[in-house]
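Structure assessment
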Amino acid sequence: MFIFITYFFGRLTKWNTLLTLIKIYDKIFLQFDYIKYKVVILTLKSVEIFTDGACSGNTGAGGYGAILRYLGTTKEISGGASNTTNNRMELLAVIEALNLLKEPCNVTLTTDSKYVVDAIQKGWLKSWVGSNWKNGKVKNIDLWQRLLPLLDKHSVQFVWVKGHNGHPENERCDQLAVLQKDNFNNIWKICWKVYLKGI
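Residues numbered from 1 in each chain as written. Predicted model: local features only at pLDDT ≥ 70, side-chain atom pairs only at ≥ 80, totals over all residues. Heavy atoms only, no water.

1. Regarding the confidence of the model for the protein
When pLDDT is averaged across the protein, the result is 84; 73% of the residues are at 70 or more. Within the model, pLDDT remains below 50 along residues 4-9, and this stretch shows zero contacts once partners closer than five positions in the same chain are excluded. Contacts of residues 34-41 to residues separated by more than four positions or lying in other chains number two contacts, the stretch itself having pLDDT below 50. (pLDDT = per-residue confidence, 0-100. Contact = heavy atoms within 4.5 Å.)

2. A few points about the pattern of salt bridges
Enumeration according to the criterion identifies eight salt bridges in this entry. Several salt bridges share partner residues, and in doing so they unite Glu48, Arg69 and Glu169 into one network. (Salt bridge = Lys/Arg side-chain N within 4 Å of Asp/Glu carboxyl O.)

3. What to know about the sheet that holds strand E4 (residues 105-111)
Taken in spatial order, the five strands make up an open sheet running E3-E2-E1-E4-E5, and their pairing is mixed. Each edge of the open sheet carries a strand with a single partner, namely strand E3 (73-84) and strand E5 (155-160). Within the sheet, the average angular offset between the axes of one strand and its neighbour, ignoring direction, is 20°. Pairing of E4 with E5 involves six bridges; the strand directions are parallel. If you follow leucine 109 over to E5, its bridge partner there is phenylalanine 158. Sitting on the sheet, helix H2 (residues 86-99) touches strand E1 (45-55), strand E2 (60-70), E3, E4 and E5, and the angle it makes with E1 is about 155°. (Pairing = 2+ DSSP bridges. Helix = DSSP H or I, 4+ residues; strand = E, 2+ residues; numbered from the N terminus. Axes fitted to C-alpha atoms, helices over the stretch in contact; angles between N-to-C directions.)

4. Topic: the packing of aromatic side chains
For the structure shown, the criterion picks out two aromatic pairs. Connected via pairs of aromatic rings, a cluster forms that spans Tyr115, Trp128 and Trp144. The positively charged end of lysine 114 is found above the aromatic ring belonging to tryptophan 160, 4.6 Å away from the centroid. (Phe/Tyr/Trp six-rings, centres within 6.5 Å; stacked < 30°, edge-to-face > 60°. Lys NZ or Arg CZ within 6 Å of the ring centre and 35° of its normal.)

5. Examining the environment of aspartate 118
With respect to the helices and strands, aspartate 118 occurs in helix H3 (residues 114-121). Of the residues examined, aspartate 118 reaches a relative accessible area of 11% and is grouped as buried. Along the sequence, aspartate 118 and phenylalanine 158 sit 40 residues apart, while their C-alpha atoms lie 9.4 Å from each other. Residues in contact with aspartate 118, not counting those within four places in the same chain, are Gly123 and Trp124. (Buried < 20%, exposed > 50% of the residue type's maximum accessible area, 1.4 Å probe, protein only.)

Rendered as structure tokens:
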């Protein structure tokens, strides 16, 4: 009996030692992975992006504008659509700006769209994906699906600012978006006049 107890406690001690070593091993490598992650983040290029969208009515002609800034170099982009919504333009501005980055980057993205920021920061997008988009209230699924791989590729921090409140880059993005909106609106008007003349 004594031999059995000695053997049992001997095995138990070895087992506890093994568990302790595993815990130490895991702790070391978890810290190592965290350090590697931090190193990767720190070595990524840091890019600033500012975006905005505009729309005539909801739906109607719309436009988007974005500014990308890296090491003092600035690039502006814009675009639009003849039949869209403001939320789609806000989303498209983010997508098109991130699409321009040719390699993974550390991005600070500033927008006045609560729709975009809340979807990311409040976990709406994660919930939509988890339910396989079965929530009947989810709109613009096509654009969210285009955004997802870009969020995986880049480390993106979303920052919300109040629109039309004197933020220089936000005001400039708004100008770009409104210009595109007006262009598409004018195209629509011209096409409508040509159509009426042909009747």
